Amino acid sequence: MSAREMAIATAAGPSRLNRVVIYGLLLIFAAMYLLPLFVMLTTSFKSLDEIRGGDILALPADPTIQPWLRAWGSACIGVTCDGIKGYFWNSIKMVVPAVLISTALGALNGYVLTKWRFRGHKLVFGLMLFACFIPFQSVLIPMARVLGQLGLSNTTAGLVLVHVVYGIGFTTLFFRNYYEAFPTELIHSAQMDGAGFFTIFRRILLPSSAPIIVVCVIYQFTNIWNDFLFGVSFASGESAPMTVALNNLVASSTGVKEYNVDMAAAVIAALPTLIVYVVAGRYFMRGLMAGAVKG
Amino acid sequence: MAFIEIERLERSIGAHNILKGIDVSLDKGGFLVLLGPSGCGKSTLLNAIAGLQPPTAGDIRIDGDSVVGLHPSKRDIAMVFQSYALYPNMTVGQNIGFPLEMAGIPKAQREADIATVARTLQIGHLLDRRPAQLSGGQRQRVAMARALVRKPRLFLFDEPLSNLDAKLRVEVRAEIKRLHQQTGATIIYVTHDQIEAMTLATQIVVMKEGEIQQTGTPAEIYNRPANMFVADFMGSPPMNMLPGQVAEDGAHLIPEAAPDTPLPLPAPLAPGRKVVLGIRPENIGDDPTGAVPLRLDLPVEIVEPTGSDVFLWLRLGSALLTARLPGNAQPPVGAPYPVAFDMTRAVVFDADSRQRIA
Amino acid sequence: MATTSPGALRRLQDWLPRLVLAPSFALVLVFVYGFIVWTAVLSMSTSRILPVYKWAGFDAYERLFAQPNWWMALKNLAIFGSLYIIVCIALGLFLAILLDQRIRIEGVLRPIYLYPMALSFVVTGTAWKWFLNPGMGFQNTVRGWGWESFTFDWLVRPDMAIYTVAIAGIWQASGFVMAMFLAGLRGIDSEMLKAATVDGASTFTIYRRIVIPLLRPAFLSAVIVLAHMAIKSYDLVIALTGGGPGNATELPSTFMYSYTFTRSQMAVGSASAMIMLMGIAAIMVPYLYSELREEKR
């Protein structure tokens, strides 16, 4: 217990009732936050008959993985009935290069903007930073035209380009703020020892950058995986990412509505980011904070 | 021609002049201390010599060749930083070997050099550790080892002791002095600590607001300060300053604080001139030999024993003077105490220009 | 750091940092600022299904503001945005203060409150769409328990559907706001609170008079972040209501998309995008400017 908590505890007095109320409220809220996930999961293991009969809050009476298999392999999205697996891989193929490229560029940019400052470095950073926050609607039409002219419409490569371009601002922000606190004396010392621009980056900064690289990769991964607007605007067909496919699956009005399959697909779409969140929640949080509370 | 020559060096950022025409020269094997309060430009000057911050005007020559515009690594200079600047991801051995590695020296040779310098600084047992596992004093030694291993023609030290505790500071200070004497290296050293400057330097440059106030040996700086700033900056407790007017006879000072107590001046001056008399605490005190002519009985206001000395705060009219007595003295507070003023050691400044005139 | 000297190599060394930064900066200049200008030009043209560069002045803006649909979108944004911001902050602060009472299971609860932030809006929308489905979801379940008259059909009621968007949005973001406040609470100097306790302040007074005023920066950040997310909200509406029923949950973001890509009114769509940009800029520019100014070297 920290000294500060002690102080508050003393002031509150050792009221048992208070504690019970506080714990009660916290647990009720926890249940409310968990409810949608719970409903998604239970629904995805129920048969359609059970769903129609039933209690949305009940556990599956006769659990089945059939909806998951259908969602993955044979659910109909648009005119094809191959499930979401192809779109899942589309997302992977989009996310991996986009995250790697934007992180690498962000690291170099952050290095230059903190350790090799030049006249106007603040303006450059300010322009890159504001770019993170624009509503993407204001670049949607030109982007669609340019992707078309580059022959990148409806391709994963096109989406990679888009996500790199609109991700640089954030990755630069992460690395800039991290390297800002990195002692400049180390850079000076390495310069005097004869190290050049890239040697200093590779030998001095990069080995100390693991935490921010993790933060940046997780942030970018989550953002790009979860993106919908760019996906639906620039890659709506066979090359659509997972989020777009999920929406198409859920919104399609042909045939019998298979809620269990929808939910299984939704869980599959959520799984990669949820796993990252469970495994590295601390870094996930740091990324969100850094993205929210600037410099 | 001196080994290091700095001529009319200037650096300004926008309208702000950080260095306003600095001239310094240093012979080979010398130990130059740049001394001054924070913001005086001493670190900027050091960085300009290192090549980390370019000057806006002037020249820096090492061994006759201008180094302005030369990359830091091409100047054959090593620097020890205030924070030590040890690379956190490398071991001590890799840290020391880094400048050699950058210079393309083969591994076998590097290891031999690292071993030699580690022996000199007694850090051989630390070579496999990382900087985070070292104490402050050990980090300091590693930083010095990394500088020494290159055998550069000039060493720069940027406040290297300021992150150490008081006891360690004295130890490392002695170590630096020993290294200087052993290797005969040429050193430029920045500090704001006048004790460090006095103990280490062969030559001190006192700076203030981007200008040199005085250049000289430690004894010159201490005993014959060029102006009131230097006089006040050197010595702890600081020099007593008594503003006043030169008396009709030209040989006495009428202090503003105590017009009834004329004090003899160290040298005759024009009558009526406004001056400031400066006298160090150690020149006011007991006089067992009885050779000092000026004695005054002054009331004791505060007694500060430090162990080795006792400092007295004495009332002279509206002014307080500090006097130094041996550590065993036990003067009573409140009562007058007889002290001798060694006026031959006093200095006099012009009240307007603040320059020393006697 | 850059020093001048003869020699091409040296000059390259001087320019290297800028050369490294240049591609990224160029991408941002072209793909962000260039494209914004491009969109602005389109918004002053006669473009319909394809871009046409024929000057039409503010014609598209006039047509935009003559659209009942656009006014609907603005009204919905006002409802959704203000609920989203106010409830997220109230709930986030409440949870943060509760969690700050040395709760033994904090390590378990915190991730539970925060996990929705890791989900895609599309997943959130899908889940809530199912949960709020009047025929098979929550309403049906409660009726099954015996409360036959229980009704919760906001999702399909034009006058209430926008509130379901707010509910789902709050569910997703309030945990994040809680974390922001919790970080702020943990940053408060404990000695000050001890002093207040010694001075005889009650827990409630300590929070009201000392702690909450000290959280000002967290409030500011939360408002900025939430306002920015509210204006950009698109996926959530699409997945949850598809903008319906009818146009009941139209937001500027969905308006822009449908007018540009499905209704062939590119100039009007561009005009709406420019209005959105101005809204965001009005919030973000002063904030970023003050943040960048503060960090003095």
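On a predicted model such as this, the values are computed, not experimentally measured, just so you know. (Residues numbered from 1 in each chain as written. Chains lettered and ligands numbered in written order. Predicted model: local features only at pLDDT ≥ 70, side-chain atom pairs only at ≥ 80, totals over all residues. Heavy atoms only, no water.)

1. Considerations on the overall build of chain A
Item 1. A tally of helices and strands in chain A yields 15 helices and 0 strands.
Item 2. For chain A, whose C-alpha radius of gyration is 24 Å, the value lies well above the compact-globule estimate of 19 Å for 295 residues.
Item 3. Dimensions of chain A along its principal axes, counting C-alpha atoms only, are 75 × 70 × 35 Å.
Item 4. Relative to its full complement of 295 residues, chain A shows a buried share of 57%. (Helix = DSSP H or I, 4+ residues; strand = E, 2+ residues; numbered from the N terminus. Rg over C-alpha atoms; globule rule 2.2 N^0.38 Å. Buried < 20%, exposed > 50% of the residue type's maximum accessible area, 1.4 Å probe, protein only.)

2. Quick word on the pattern of salt bridges
A side chain of one charge can pair with a side chain of the opposite charge if their charged atoms are brought near each other.
Residue and element names in this part refer to chain B.
Item 1. According to the stated counting rule, one finds 24 salt bridges over all chains in the structure shown.
Item 2. Between E7 and R61 there is a salt bridge whose closest N-O contact spans 2.7 Å. Remark: R61 occurs in strand β4 (residues 57–62) and E7 occurs in strand β1 (residues 4–13); sequence separation between them is 54 residues.
Item 3. Owing to a relative accessible area of 29%, E7 belongs among the partly exposed residues under this scheme.
Item 4. Among the ionic pairs, R61 bridges to D59, the shortest N-O distance being 3.0 Å.
Item 5. What makes R61 buried here is its relative accessible area of 18%.
Item 6. Within the structure, one salt-bridge network assembled from shared partners comprises E5, E7, R8, D59 and R61. (Salt bridge = Lys/Arg side-chain N within 4 Å of Asp/Glu carboxyl O.)

3. Brief notes about the nonpolar core
Item 1. Counting 245 residues, the largest nonpolar core has A:Y166, B:I188 and C:Y113 as its most contacted members.
Item 2. Leave out the neighbours within four places in its chain, and B:I188 touches B:I4, B:L26, B:L32, B:L34, B:L46, B:I49, B:L154, B:F155, B:L156 and B:F157. (Core = buried A, V, L, I, M, F, W, Y, C linked by side-chain atoms within 4.5 Å. Contact = heavy atoms within 4.5 Å.)

4. Here's the deal with the packing of helix α2 (residues 16–44) of chain A against helix α3 (residues 68–99) of chain C
Item 1. Taken N-terminus to C-terminus, the directions of α2(A) and α3(C) make an angle of 130°; their axes are 10 Å apart at the nearest point. By the angle between their directions, the pair α2(A) and α3(C) is classed as oblique. By crossing handedness, the relation of α2(A) to α3(C) is classed as left-handed. The segment α2(A) lies against α3(C), with A:I22, A:L25, A:L26, A:F29 and A:Y33 engaging C:L91, C:F94, C:L95, C:L98 and C:L99.
Item 2. Of the residues assigned to the contact of α2(A) with α3(C), the class counts are 10 nonpolar, no polar and no charged. (Axes fitted to C-alpha atoms, helices over the stretch in contact; angles between N-to-C directions. Parallel < 35°, antiparallel > 145°, perpendicular 65-115°, else oblique. Left-handed = near helix turned anticlockwise from the far one by under 90°. Nonpolar A, V, L, I, M, F, W, Y, C, P; charged D, E, K, R; others polar.)

5. As for the domain arrangement of chain B
All names here are of chain B.
Item 1. Taken as a whole, chain B is organised into domain 1 (4–233) and domain 2 (240–350).
Item 2. Residue-level contacts link 8 residues of domain 1 with 7 residues of domain 2.
Item 3. Between domain 1 and domain 2, the buried area comes to about 700 Å², and carbon and sulfur atoms account for 57% of it.
Item 4. Looking only at domain 1, the three residues that lose the most surface to domain 2 are Y222, M228 and A231, adding up to 65% of its buried area.
Item 5. Linking domain 1 with domain 2 are 0 salt bridges, by the criterion used here.
Item 6. At the junction of domain 1 and domain 2, the tally comes to 2 residue pairs in polar contact (both at pLDDT 80 or more).
Item 7. Looking at the side of domain 1 that touches domain 2, the elements that each hand over two or more residues are α7 (218–223) and α8 (228–233).
Item 8. Classifying every residue of the side of domain 1 that touches domain 2 gives 4 nonpolar, 2 polar and 2 charged. (Domains from an automatic or database assignment. Buried area = accessible area lost by both parts, 1.4 Å probe. Polar contact = N/O pair within 3.5 Å; in protein donor to acceptor, adjacent residues only side chain to side chain.)

6. A closer look at unusual backbone geometry
Residue and element names in this part refer to chain B.
Item 1. Going from S236 to P237, the amide bond is cis rather than trans, its omega being -5°.
Item 2. Tracing the backbone through its elements, the reader meets P237 in the loop between α8 and β11 (240–246).
Item 3. Notably, E159 is not glycine yet its phi reads approximately 45°, a positive angle.
Item 4. Among the secondary structure elements, E159 is positioned in the loop between β7 (154–158) and α5 (166–183).
Item 5. On the basis of relative accessibility, which here comes to 10%, the residue E159 falls in the buried class.

7. Looking at the interface of chain A and chain C
Item 1. Residue-level contacts link 101 residues of chain A with 106 residues of chain C.
Item 2. Where chain A abuts chain C, roughly 9,600 Å² becomes buried across the two surfaces, and 75% of that area is made up of carbon and sulfur atoms.
Item 3. Run the count over chain A and chain C and you get 0 salt bridges.
Item 4. Applying the counting rule to chain A against chain C returns 22 residue pairs in polar contact (both at pLDDT 80 or more).
Item 5. The element contributing the most residues to the side of chain A that touches chain C is α2(A), with 17 residues.

8. Regarding the environment of B:I6
Item 1. Turning to its location among the elements, B:I6 is positioned in strand β1.
Item 2. The contacts of B:I6, once residues within four sequence positions are left out, are B:I22, B:D23, B:V24, B:L45, B:I49, B:D59 and B:I60.

9. Section: the pairing of strand β17 (residues 309–316) of chain B
Residue and element names in this part refer to chain B.
Item 1. The element β17 is largely enclosed, with a buried count of 6 among its 8 residues.
Item 2. Two elements, strand β16 (residues 294–305) and β17, share 5 bridges in a ladder whose sense is antiparallel. Residue pairing for β17: V300 is matched across the bridge by L314.
Item 3. The turn joining β16 and β17, which pair antiparallel and follow one another in sequence, is formed by 3 residues; a positive phi near 105° is taken by G307.
Item 4. Pairing of β17 with strand β18 (residues 319–326) involves 8 bridges; the strand directions are antiparallel. For W313, the partnering residue across the bridge sits in β18 and is T322.
Item 5. In sequence, β17 turns back onto β18 through a hairpin of 2 residues, with G317 there showing a positive phi of about 60°. (Pairing = 2+ DSSP bridges.)

10. Observations concerning the UniProt feature "transmembrane region" (unreviewed entry) in chain A
Residue and element names in this part refer to chain A.
Item 1. Summarizing the sequence annotation, UniProt attributes the feature "transmembrane region" (unreviewed entry) to residues 20–41, 94–112, 124–144, 156–179, 200–221 and 263–285 in the numbering used throughout.
Item 2. Taken as a whole, residues 124–144 contains 86% helix and 0% strand, while its terminal C-alpha atoms sit 26 Å from one another.
Item 3. Along residues 263–285 one finds 96% helix and 0% strand; the C-alpha atoms at either end are 26 Å apart. (UniProt positions renumbered as here; feature names shortened; annotations may be inferred.)

11. Details of the sheet that holds strand β14 (residues 274–279) of chain B
Residue and element names in this part refer to chain B.
Item 1. Read from one edge to the other, the open sheet built from 5 strands follows the order β13-β12-β11-β14-β20, with strand pairing classed as antiparallel. Edge positions in the sheet fall to β13 (263–264) and β20 (347–350), since each of these pairs with one other strand and no more.
Item 2. Summarising the sheet, β14 and β20 pair through 4 bridges and their orientation is antiparallel. Bridge pairing links L277 to V348 in β20.

12. Observations concerning empty space enclosed by the protein
Rolling a probe over the atoms, with the probe sized like a water molecule, indicates the empty space that remains.
Item 1. Evaluated as defined, the whole model comprises 4 cavities of 30 Å³ or more.
Item 2. Within this model, the largest cavity holds a volume of roughly 960 Å³.
Item 3. Lining the largest cavity are 37 residues, with A:F136, A:Y219, A:N223, C:F121 and C:K232 sitting closest to its centre.
Item 4. Mapped onto the lining of the largest cavity, the elements with two or more residues apiece are α6 (121–133), α8 (156–180), α11 (210–226), α12 (229–234) and α15 (281–292) of chain A together with α7 (161–186) and α10 (216–232) of chain C.
Item 5. When residues in the lining of the largest cavity are grouped by element, the largest group, 6 residues, is from α11(A).
Item 6. Residue classes in the lining of the largest cavity are distributed as 22 nonpolar, 11 polar and 4 charged.
Item 7. Each pocket or cavity is described by its volume, and for the second largest cavity that value is around 80 Å³. (1 Å grid on protein atoms, 1.4 Å probe; cavity = no way out; pocket = protein on both sides within 12 Å on 5 of 7 lines; lining within 4 Å. Points joined across faces, edges and corners; volume = space filled by probe spheres on them.)

13. So, the packing of aromatic side chains
Item 1. Evaluated as defined, the whole model comprises 48 aromatic pairs over all chains.
Item 2. Summarising the aromatic geometry, the rings of A:F29 and C:F94 are spaced 6.2 Å apart at their centres and angled 65° between planes, so their arrangement reads as edge-to-face. Residue A:F29 is found in helix α2, and its partner C:F94 is found in helix α3; the two belong to separate chains.
Item 3. Ring centres of B:F31 and B:Y189 lie 5.6 Å apart, and the angle between their planes is 45°; this geometry places the pair in the tilted category. Residue B:F31 is located in strand β3 (residues 31–35), and its partner B:Y189 is located in strand β8 (residues 187–191); the two are separated by 158 residues in the primary sequence. (Phe/Tyr/Trp six-rings, centres within 6.5 Å; stacked < 30°, edge-to-face > 60°.)

14. Quick look at the domain arrangement of chain A
Residues and elements named next belong to chain A.
Item 1. Per the domain assignment, the segments making up chain A are domain 1 (3–64) and domain 2 (85–292).
Item 2. Relative to domain 2, the C-alpha centre of domain 1 lies at a distance of 33 Å.
Item 3. In this assembly, 10 residues from domain 1 lie in contact with 10 residues from domain 2.
Item 4. Here domain 1 packs against domain 2, burying approximately 700 Å² in sum over the two surfaces, 82% of which is carbon and sulfur.
Item 5. The largest contributions to the domain 1 side of the interface with domain 2 come from M40, S44 and L48, which together make up 59% of the buried area.

15. What to know about the sheet that holds β17(B)
The strands that make up a sheet pair up through hydrogen bonds in the backbone, lying either parallel or antiparallel.
Item 1. Spatially, the 5 strands line up as an open sheet ordered β15-β19-β16-β17-β18 (chain B), and their pairing is antiparallel. Looking along the sheet, the strands with just one partner apiece sit at the ends: β15 (284–285) and β18 of chain B.

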